[in-house]
Structure formats: structure tokens, C-alpha cells
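Coordinate inspection notes
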Amino acid sequence: MATIHFHQTTTATPEQFVAALTDFGPGRSKLFANSADEYLKVHDRGATEANVTEGSVRIWERLHYDWSDPNHVVLTTTDSNVWGGGSGHTYTLTRQPNGTTEVDVVVVREGKNVKGRVLGIAVGIIGKRFLGKALAKTVKAIEARNDGARAAEST
């Protein structure tokens, strides 16, 4: 089982980050590269939780999103073609006095079959760099989305 920790600082507020994280509309892949639109299916969605299938490149997972605590968002893998066990993602968002937000992410990957176990080993070895870059791109995309919204509001 691979467990990887990431940290990123963003100018987005925790509310803006959660809004992006829980936006399951078209174009999600522009914010989250590993969530291709053709894999995206929302099974149900409530005010603070959702069940969503997403993925890319022949790897998919069904996730239960829980953002009942808006500063601690938990994504639990409930089904997948490769991930099982305790797989998922946890986002902890901490608002800073200077207006930024600290984003701490923990990704757990436990393979449920041979393909998943091989991918889990790969994630454990090279995942931090690869997934860290993906998080940095996501943060920049969320910031750009929010900057665009602010610009539209001021016109």
C-alpha cells in the first residue's frame, strides 16, 4: 500500500478549493487531469456528499466524497478496476492569516488485483513527483478559475 503526502499553498480560499473539488460538471479534466470527462459519472449528490465515478487511461474508481467538514474533505474509494482496501484521498485546508490557504493532501493506494498492486508499487516509487506536479497544476487552474470569476464580477 502506498501513502503519499503533498503540501501546496494557494491564493484560493478553502471555500473556492472545495467548490472546485466538488464541481463534477463538464470540463473537470481542466482542473483535475486524472479525471477525464468520458469517465465522469455522478451517481448521486447531496449538499455535503456525492458518489462519483471518475478516472482516465483505463483506470477508474468510484469515490464517495464527503465535505461535511469544509476544511477536511475525504474521498473514499468504494469501487475501482484497480484500487481497493483503504484507497482514497484526504484534503485538509487551512486558512492562513495572510489570505492564502495551505492544502495538505494524503493519497492512499492499495491495489486490489495484479494491475493495482503493480500500479501501487509505481505510485509508491515515483508517485510523489508525478502526483505533486498534478496537484500544483490543479492549484494553478483553481486560482485561474477564481481570478477569471473576479475579473468577470468587476466588469
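Refer to the structure presented above.
Let me begin by describing the structure that accompanies this report. (Residues numbered from 1 in each chain as written. Predicted model: local features only at pLDDT ≥ 70, side-chain atom pairs only at ≥ 80, totals over all residues. Heavy atoms only, no water.)

A few words on the overall build of the protein. The secondary structure content of the protein amounts to two helices and seven strands. Along the protein, helices and strands appear, N-terminal first, in the series β-α-β-β-β-β-β-β-α. Its C-alpha radius of gyration of 15 Å places the protein within 12% of the 15 Å reference for a compact globule of 155 residues. The dimensions of the protein, computed from C-alpha atoms along their principal axes, are 55 × 30 × 25 Å. By residue count, 41% of the 155 residues in the protein fall in the buried class. If you sum the accessible surface of the protein, you get close to 8,300 Å²; carbon and sulfur atoms cover 57% of it. (Helix = DSSP H or I, 4+ residues; strand = E, 2+ residues; numbered from the N terminus. Rg over C-alpha atoms; globule rule 2.2 N^0.38 Å. Buried < 20%, exposed > 50% of the residue type's maximum accessible area, 1.4 Å probe, protein only. Areas by Shrake-Rupley, 256 points an atom, 1.4 Å probe, with all protein chains shown as cover.)

Here we take up the layout of surface pockets. Taken as a whole, the largest pocket encloses approximately 870 Å³ of empty space. Along its surface, the largest pocket is lined by 37 residues, and N34, H89, R109, F130 and L131 are the ones closest to its centre. Contributing elements (two or more residues each) for the lining of the largest pocket: β3 (49-56), β4 (59-69), β6 (88-95), β7 (101-109) and α2 (114-154). If you tally residues by element for the lining of the largest pocket, the top one is α2, at 11 residues. Residue classes in the lining of the largest pocket are distributed as 23 nonpolar, eight polar and six charged. (1 Å grid on protein atoms, 1.4 Å probe; cavity = no way out; pocket = protein on both sides within 12 Å on 5 of 7 lines; lining within 4 Å. Points joined across faces, edges and corners; volume = space filled by probe spheres on them. Nonpolar A, V, L, I, M, F, W, Y, C, P; charged D, E, K, R; others polar.)

One pass over the structure, following the stated rule, counts five salt bridges. Across the pair E15 and R95 runs a salt bridge, and its minimum N-O distance is 2.6 Å. Here R95 lies in strand β6 and E15 lies in helix α1 (residues 14-21), a separation of 80 residues in the sequence. Accessibility expressed as a relative area gives 47% for R95, which makes it partly exposed. (Salt bridge = Lys/Arg side-chain N within 4 Å of Asp/Glu carboxyl O.)

Another aspect to go through is unusual backbone geometry. Phi angles above zero are rare outside glycine, and V57 is one such case at about 50 degrees. Mapped onto the elements of the fold, V57 is located in the loop between β3 and β4.

The next subject is the environment of H5. Mapping H5 onto the fold places it in strand β1 (residues 2-10). The partly exposed category is assigned to H5, whose relative accessible area is 48%. Residues H5 and D104, 99 residues apart in the sequence, show an inter-C-alpha distance of 7.2 Å. Contact partners of H5, with chain neighbours within four places excluded, come to V105, V106 and K128. (Contact = heavy atoms within 4.5 Å.)

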